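Tertiary structure, described
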Amino acid sequence: MVNRKDTLWEQFLQPIVGIFIDGKQLRQLYESIDWQRECDRLSTPDLVYPDYYKSQNFHGIEGGYLNGGAATSYDPITQYALPPNETWVRQELIDRIQGTPRRILDLGCGTGSTTLLLKKAFPEAEVIGLDLSPYMLVMAERKAEAAGVDIQWRHGKAEETGLPEASFDLVTASLLFHETPPAVAKSILRESFRLLKGGGQVLILDGNQRTLRQVNWLTEVFEEPYIKAYATDSVDAWMGSAGFEAVQTQDVWLLNQVTQGMKPLPVDEQVYQRTQRRTIDDFGSEGIPAPAY
Ligand SMILES: C[S@@+](CC[C@H](N)C(=O)[O-])C[C@H]1O[C@@H](n2cnc3c(N)ncnc32)[C@H](O)[C@@H]1O
């Protein structure tokens with residue numbers, strides 16, 4: 001892992017975070033993993049990395065997420081990047097899930113922190129975590145094994161998953177959109193729309209765009225190449241133009257937000273449901289006339 005020396009992250013934040021993170025333990029973890037073998041096992045052969053991903057540094061780390069150093073240090077650092085508490089912030093996405101999804105896809109799942117919460121909330125569901133970095137997937141798989149949960153890990157592009165259409169009840173992404181150019185975030189939402197069944201839900205947890213716009217220095221801190229473009233735009237608007245309905249964004253503490261939307265039901269299903277509702281309203285829940293009082 002090579003770090004740039006001139007960044008705000010390198011100069012000020014890394015030394016502070018370094019006080020709280022056990023570097024020796026991290027190195028031991030890093031060295032205990034046969035990265036080549038594990039990444040080969042989890043990688044999709046012939047996957048071509050998009051330029052916006054492989055050519056950029058993230059958090060001042062050259063090579064972005066395509067190395068074991070980034071994957072092993074991700075969780076220890078992220079716990080300080082989601083105030084006031086990482087689990088509370090992630091739980092805000094879980095709390096907005098409607099119904100009981102049976103098939104769930106977590107895009108840009110990274111080391112699987114949100115993916116594991118999804119599986120914990122819906123143990124019967126089939127849960128898939130997808131990410132472009134096999135290194136991050138190595139860590140995610142280890143965490144799932146340690147927790148004793150069955151999650152499928154898939155190496156792939158969120159904007160072009162190759163998964164069958166209308167096959168998921170819920171698609172999520174946490175902390176992904178501020179790391180992609182807005183055009184890619186929009187394609188990821190179009191892909192989510194394709195993947196969801198009618199009536200399915202999309203949930204995006206990420207940095208609070210309103211706050212990031214107002215507090216300019218925040219966009220400098222984490223050495224994210226696309227965060228400024230993310231901050232000036234609107235996940236709400238992207239979701240609407242991808243075809244989602246009932247779109248709304250809610251603040252999560254000060255620094256984060258959750259945006260949700262629903263894929264509309266096909267028209268014949270909407271008509272059927274309206275008819276059913278009318279029958280229940282007219283005749284009571286059993287479909288027989290309600291007693292007149
Ligand atoms: C900041 S991390 C977030 C990880 C995880 N979702 C979380 O909440 O901690 C961003 C992740 O998105 C992945 N990523 C970025 N662009 C992607 C894309 N187009 N398709 C799939 N994964 C992507 C990166 O490899 C990285 O693991």
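Structure's up top.
Residues numbered from 1 in each chain as written. Predicted model: local features only at pLDDT ≥ 70, side-chain atom pairs only at ≥ 80, totals over all residues.

Describing the overall build of the protein
When helices and strands are tallied, the protein shows 14 helices and 7 strands. For the protein, with 293 residues in total, the buried portion stands at 37%. Looking at the protein alone, contacts between residues at least 24 apart form 73% of all its contacts between residues at least 6 apart. (Helix = DSSP H or I, 4+ residues; strand = E, 2+ residues; numbered from the N terminus. Buried ≥ 20, exposed ≤ 12 C-beta atoms within 10 Å, placed from the backbone. Contact = placed C-beta atoms within 7 Å.)

Observations concerning the site of the ligand
The environment of the ligand is made up of 21 residues, and the closest members are Gly108, Gly110, Ser133, Ala158 and Ser174. Each residue belonging to the shell around the ligand can be placed in one class, and the counts come to 9 nonpolar, 8 polar and 4 charged. (Near = placed C-beta within 6 Å. Nonpolar A, V, L, I, M, F, W, Y, C, P; charged D, E, K, R; others polar.)

Quick look at the sheet that holds strand 2 (residues 126-131)
The strand order across the open sheet built from 7 strands is 3-2-1-4-5-7-6, with neighbouring strands paired in mixed fashion. Each having just a single partner strand, strand 3 (152-155) and strand 6 (245-252) make up the two edges of the open sheet. Across this sheet, the average inter-strand angle for adjacent strands is 15 degrees, counted without regard to direction. Here strand 5 (residues 196-207) runs beside strand 7 (residues 256-262); their pairing, made up of 7 bridges, is antiparallel. Paired with Gln201 across the two strands is Met262, which belongs to strand 7. On the sheet, helix 6 (residues 86-95) packs against strand 4 (168-174), strand 5, strand 6 and strand 7 and is oriented at approximately 160 degrees with respect to strand 5. (Pairing = 2+ DSSP bridges. Axes fitted to C-alpha atoms, helices over the stretch in contact; angles between N-to-C directions.)

Some words on the pairing of strand 5
Buried residues dominate strand 5, accounting for 9 of its 12 residues. One ladder, built from 6 bridges, connects strand 4 with strand 5; its direction is parallel. Across the sheet, the residue bridging to Ser174 is Leu205, located in strand 5.

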